[in-house]
Structures are given as C-alpha cells and as structure tokens.
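Remarks on the overall topology
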Amino acid sequence: MTEHPDEAAVEAAHEPHDPAPGERAAVDRVRVEAVGRGHHQVEAALEAARAEAADPAVVAEWERIEEHLAAHRGPYAPDADPFLQGRLTARAQHGIDPPEPGPGSGPADRG
C-alpha cells in the first residue's frame, strides 16, 4: 500500500510562511512542470504526487494549481496565476531572493 503524505504537513505547507530554499526550489519545479497543462492533467499530477508520498510542499503546490485551474479554466500559465504574481511582486518589493526570469516566472520578477 502506498503511503500518502502527512495531511497535516500538506496543510501546513498551505499556510503563509517563509519557505526554505529547498521548498522554494521544489515548488518552482512544480510550476514549471504545470505550464501548459489543463485541469485534468494537473489533477493527474496531483494524484501521482500523493501516491508517491511526495514532499508536502509539492503536494500543496499541485493542490493550489489544481484549485486555480478549477476556478479559472484553461491551461496553467504563471503570468495568469494571481497567487504567484502576488508572491513574486512581494519578493521583488522586499528584495527577497528575486528569481531569474525563465519558465515559471512572470513579469513581476523582471523589474
């Protein structure tokens, strides 16, 4: 039987917090992988992450993206993700580890 990630740990990953560098990198990889995927594809990736007992931050990010696509339809695009754009804007305004432009980044981190 496959173990699922600790639900409490996944819930904690959803709470506002300053992510550790490894957590940020894992979440960034999820976003890059999600680009262009539709709702059903993201649901499948979420279920796979749960079945693989992936890092709670990874499961939480797939859940967040799945919820975003359920509400907004269409394929995932970081530039159309209000949560991500808000986070990138906040990082830029506070001078916190601004990400390099590239896949999974939006216009807020370039300026």
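Relevant structure appears above.
Remember, it's a predicted structure, so these values are computed and weren't measured experimentally. (Residues numbered from 1 in each chain as written. Predicted model: local features only at pLDDT ≥ 70, side-chain atom pairs only at ≥ 80, totals over all residues. Heavy atoms only, no water.)

Here we look at the side chain of glutamate 61
With respect to the element layout, glutamate 61 can be found in helix α4 (residues 56-72). Within the local environment of glutamate 61, its side chain forms a polar contact with the side chain of arginine 64, the two groups lying 2.8 Å apart. For glutamate 61, the residues in contact, after removing those within four places along its chain, are Val27, Val30 and Arg31. (Helix = DSSP H or I, 4+ residues; strand = E, 2+ residues; numbered from the N terminus. Polar contact = N/O pair within 3.5 Å; in protein donor to acceptor, adjacent residues only side chain to side chain. Contact = heavy atoms within 4.5 Å.)

What to know about helix α3 (residues 39-51)
Since the α-helix packs 3.6 residues into each turn, any two residues three or four apart lie on the same face. Compared with the 18 Å implied by 1.5 Å per residue over 13 residues, the 18 Å span of α3 between its first and last C-alpha is a close match. Taken together, the buried positions of α3 are occupied by His39, Val42, Ala45, Leu46 and Ala49. Down the axis of α3, the buried set is contained in an arc of 120 degrees. They therefore lie on one face. Taken together, the buried residues of α3 touch α4. Backbone geometry just after α3 places alanine 53 at a positive phi near 55 degrees. (Expected span 1.5 Å × (residues − 1). Buried < 20%, exposed > 50% of the residue type's maximum accessible area, 1.4 Å probe, protein only. Arc of directions from axis to C-beta.)

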